[in-house]
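Take a look at the letters that make up each chain.
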Amino acid sequence: MQYERLGATGVFVSRMALGTMTFGGGTTPPWNIIGGLDDKAADEIVGVALDAGVNLVDTADIYAGGECEEILGRVLGSRRQEVLLATKLFGRMGQGPNEVGLSRSWVTKALEGSLRRLGTDHIDLYQIHSFDPLTPPEETLGALDDAVRQGKIRYIGASNLAAWQMMRYLGAADLHHLSRFVSQQVYYSLAGRDIEREILPMAVDRGLATLVYSPLAGGFLSGKFDRTGAGDAGSRRAHADVPPVDPERGYDIVDALRVVAERHGAGVAQVAIAWTLAQPGVTSAIVGARRPAQLSDTLAAVDVRLTDDDLKELDAAGALPVPYPDWGQGRPADRFPMAVRS
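Residues numbered from 1 in each chain as written. Predicted model: local features only at pLDDT ≥ 70, side-chain atom pairs only at ≥ 80, totals over all residues. Heavy atoms only, no water.

1. Focus on unusual backbone geometry
Then comes step 1: Residue Pro-325 is reached from Tyr-324 by a cis peptide bond, and omega for that bond is 10°.
Then comes step 2: Structurally, Pro-325 is set in the loop between helix H11 (308-317) and helix H12 (326-329).
Then comes step 3: Residues other than glycine seldom take positive phi values, yet Ala-217 does so here, at roughly 55°.
Then comes step 4: The residue Ala-217 is located in the loop between strand E9 (209-213) and helix H8 (247-264) in this model. (Helix = DSSP H or I, 4+ residues; strand = E, 2+ residues; numbered from the N terminus.)

What follows is the structure in C-alpha cells.
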C-alpha cells in the first residue's frame, strides 16, 4: 500500500480507502441492492482491507439508515485504533424538521449519533455530505470547531460541494478563525470528469486532499458492461444509472481500458482505478465490495503503473471539451496540468 498526506495535515492516508456503503440494509431497498452485508460479511471485508494496508475507512450516517455505522463499529472492535475513521452528516435521519442539514443543532445531534453507533469517542474525519443553502457557513463551522476543541473530531472535510461553495466555507473559516476543511470527497472517474473543470484545481490550489468515490462509475467501468449488452444483473449499475454515464462515451472508455489492461496483464477495473490515482491532486480512491475476493482484486489497482502513453490513450477516450474560460485564457497544458486535457 502507498500513503499520501491528508491535505495540509501531518496525517497520512492509504491511497486506497475502504467505502462501507455495502454494509447493512438487509432486504430494505435500495441498500439491499447496494450490498446488504451483515456483520460476518462486513468483518471479512474489513479484514481484507486492513491486511492490505488500508488505514482510511469511510461511512455516513444515512447509509442503511444508520445500520452501516453500527455494523462498522461492531466489526472494527479492537481494530478501531488501526484506522482513520471517516463519516458524514447532512441527510435526513428522522421525521422532525431539524433532523437534517447543517445547523448547529443538527451538527451536534448528528455527531453524537454517529459516535454512539460507531462505538467510538472520536471521529478522525467528519465530513458534511452536501451543501446547506439555509445555514450560514460560520454556524456549521462553529459547531464543528467546538467538537474539534472537545476532542470528538480530529479533522473536518466536505463532500459533493461545488468549488464556489467550498470557497465560502474556507473563507468563513479563515475570517472567523475556525477549523478549516482539510479534504473534499467527490465523484471522479474516467466516465465522470467534471471535477477537472474547477473542483480539482481549486483543491490543489487550497491544499485540500481529494478523496474520490465511485472511481468505477458505479460499476460501469468494472469490465462487466460493454456495447454488446454484456452486464451484471446482480450489480447496482443494472438497477440504477448512478452515477449517470453517457453510454456511448462510456463504452468507448471501456474499449480503451481493455486495450491498456491487456497490455499490463491487469483487470479493466484495476486500470480504471489506476488512472484515477495517477491524476494530479487525487489523494485516495474509496472502493467498496460485497465479497472479499472482489475487494482484494480491486485493491491490487494500487500496483498498476500506467505509462505516459497509457494515460494519453485513456485521456483521449474520455476527454471532455475544454471549458470556458480555459480556452479563452489560452492556458497551455504544460503550465497548467490540472486543465482538462484535449
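Having seen the model, we can carry on.
2. Some words on the pairing of E9
Then comes step 1: In terms of burial, E9 is a largely internal element, four of the five residues being buried.
Then comes step 2: As paired elements, strand E8 (residues 181-187) and E9 share five bridges and run parallel to each other. Residue pairing across strands places Gln-185 opposite Leu-211, the latter belonging to E9.
Then comes step 3: Handedness of the crossover is the feature at issue here: the chain leaves E8, passes through helix H7 (residues 199-206), returns alongside E9, and the resulting connection is right-handed.
Then comes step 4: The pairing of E9 with strand E10 (residues 282-287) spans four bridges and is parallel. Opposite Thr-210, over in E10, you have Val-282 as the bridge partner. (Buried < 20%, exposed > 50% of the residue type's maximum accessible area, 1.4 Å probe, protein only. Pairing = 2+ DSSP bridges. Right-handed = clockwise from strand over helix to strand, strands pointing away.)

3. Re the packing of aromatic side chains
Then comes step 1: Scanning the entire structure with this criterion turns up seven aromatic pairs.
Then comes step 2: Arranged with centres 6.0 Å apart and planes meeting at 50°, the rings of Trp-31 and Tyr-63 form a pair that is tilted. Highlighted residues: Trp-31 in helix H1 (residues 31-34) and Tyr-63 in the loop between strand E4 (56-58) and helix H3 (67-76), separated in sequence by 32 residues. This pair shows no difference in class: Trp-31 is buried, exactly as Tyr-63 is.
Then comes step 3: An angle of 85° between the planes, with centres 6.2 Å apart, marks the rings of Phe-131 and Tyr-169 as edge-to-face. Taken together, the positions of Phe-131 in the loop between strand E6 (123-128) and helix H5 (137-149) and Tyr-169 in helix H6 (residues 163-176) put the pair 38 residues apart, joining distant regions of the chain.
Then comes step 4: Phe-131 sits in the buried class, given a relative accessible area of 13%. (Phe/Tyr/Trp six-rings, centres within 6.5 Å; stacked < 30°, edge-to-face > 60°.)

4. Concerning the sheet that holds strand E7 (residues 153-159)
Then comes step 1: With parallel pairing, the eight strands of this closed barrel are ordered in space as E3-E4-E5-E6-E7-E8-E9-E10. The sheet shows a mean angle of 30° between the axes of neighbouring strands, taken without regard to direction.
Then comes step 2: Alignment of E7 against E8, held across four bridges, turns out to be parallel. Bridge assignment links Ser-159 to a residue of E8, and that residue is Gln-185. (Axes fitted to C-alpha atoms, helices over the stretch in contact; angles between N-to-C directions.)

5. Some points on empty space enclosed by the protein
Then comes step 1: The final tally for this structure, using the stated rule, is two cavities of 30 Å³ or more.
Then comes step 2: Put simply, the largest cavity is a space of about 50 Å³.
Then comes step 3: For the largest cavity, the full set of lining residues is Leu-6, Val-11, Val-13, Leu-56, Leu-84, Leu-85, Asp-124, Leu-125 and Tyr-155.
Then comes step 4: Among the secondary structure elements, those contributing two or more residues to the lining of the largest cavity are strand E5 (84-89) and E6.
Then comes step 5: Here the lining of the largest cavity is composed, by residue class, of eight nonpolar, no polar and one charged. (1 Å grid on protein atoms, 1.4 Å probe; cavity = no way out; pocket = protein on both sides within 12 Å on 5 of 7 lines; lining within 4 Å. Points joined across faces, edges and corners; volume = space filled by probe spheres on them. Nonpolar A, V, L, I, M, F, W, Y, C, P; charged D, E, K, R; others polar.)

6. Structural notes on the side chain of Gln-127
Then comes step 1: Locating Gln-127 in the fold gives a position in strand E6.
Then comes step 2: In terms of polar contacts, Gln-127 uses its side chain to reach the side chain of Asp-58, at 3.1 Å.
Then comes step 3: Side chain to side chain, Gln-127 and Gln-185 meet in a polar contact 2.8 Å long.
Then comes step 4: Those residues within four positions of Gln-127 in sequence are excluded, and the remaining contacts are Asp-58, Ala-86, Thr-87, Lys-88, Leu-89, Gly-157, Ala-158, Gln-185 and Leu-211. (Polar contact = N/O pair within 3.5 Å; in protein donor to acceptor, adjacent residues only side chain to side chain. Contact = heavy atoms within 4.5 Å.)

7. Describing the environment of Gln-279
Then comes step 1: In this structure, Gln-279 sits in the loop between helix H9 (268-277) and E10.
Then comes step 2: Sequence separation between Gln-279 and Leu-6 is 273 residues, and the spatial gap between their C-alpha atoms is 16 Å.

8. Here we look at the nonpolar core
Then comes step 1: Formed by 96 residues in total, the largest nonpolar core has its most connected members in Phe-181 and Leu-221.
Then comes step 2: Ranked by residue count, the leading element in this core is H9, at eight residues.
Then comes step 3: The contacts of Phe-181, once residues within four sequence positions are left out, are Ile-128, Leu-141, Leu-144, Ile-156, Gly-157, Ala-158, Met-166, Tyr-169, Leu-170 and Leu-208.
Then comes step 4: Counting residues in hydrophobic clusters, the runner-up holds twelve residues, among them Ala-17, Ala-86, Val-182 and Leu-211. (Core = buried A, V, L, I, M, F, W, Y, C linked by side-chain atoms within 4.5 Å.)

9. Let's talk about a nonpolar patch on the surface
Then comes step 1: Taken together, the side chains of Met-1, Tyr-3 and Phe-12 define a hydrophobic patch exposed on the protein surface, amounting to about 270 Å² of accessible area.
Then comes step 2: Taking the relative accessible area as the measure of exposure, Met-1 reaches 30% and is therefore partly exposed. (Patch = residues over 30% accessible without salt bridge, like charges linked within 9 Å, V, L, I, M, F, W, Y side chains within 5 Å. Areas by Shrake-Rupley, 256 points an atom, 1.4 Å probe, with all protein chains shown as cover. Salt bridge = Lys/Arg side-chain N within 4 Å of Asp/Glu carboxyl O.)

10. Examining the packing of helix H2 (residues 39-51) against H3
Then comes step 1: Two elements in contact, H2 and H3, have axes whose closest approach is 9 Å; the angle formed by their N-to-C orientations is 60°. Judged by the angle between their axes, H2 and H3 are oblique. For the pair H2 and H3, the crossing hand works out as right-handed. Judged by residue contacts, Asp-39, Ala-42, Asp-43 and Val-46 of H2 engage Ile-71, Leu-72, Arg-74, Val-75 and Leu-76 from H3.
Then comes step 2: Looking at the contact of H2 with H3 residue by residue, the classes come out as six nonpolar, no polar and three charged. (Parallel < 35°, antiparallel > 145°, perpendicular 65-115°, else oblique. Left-handed = near helix turned anticlockwise from the far one by under 90°.)

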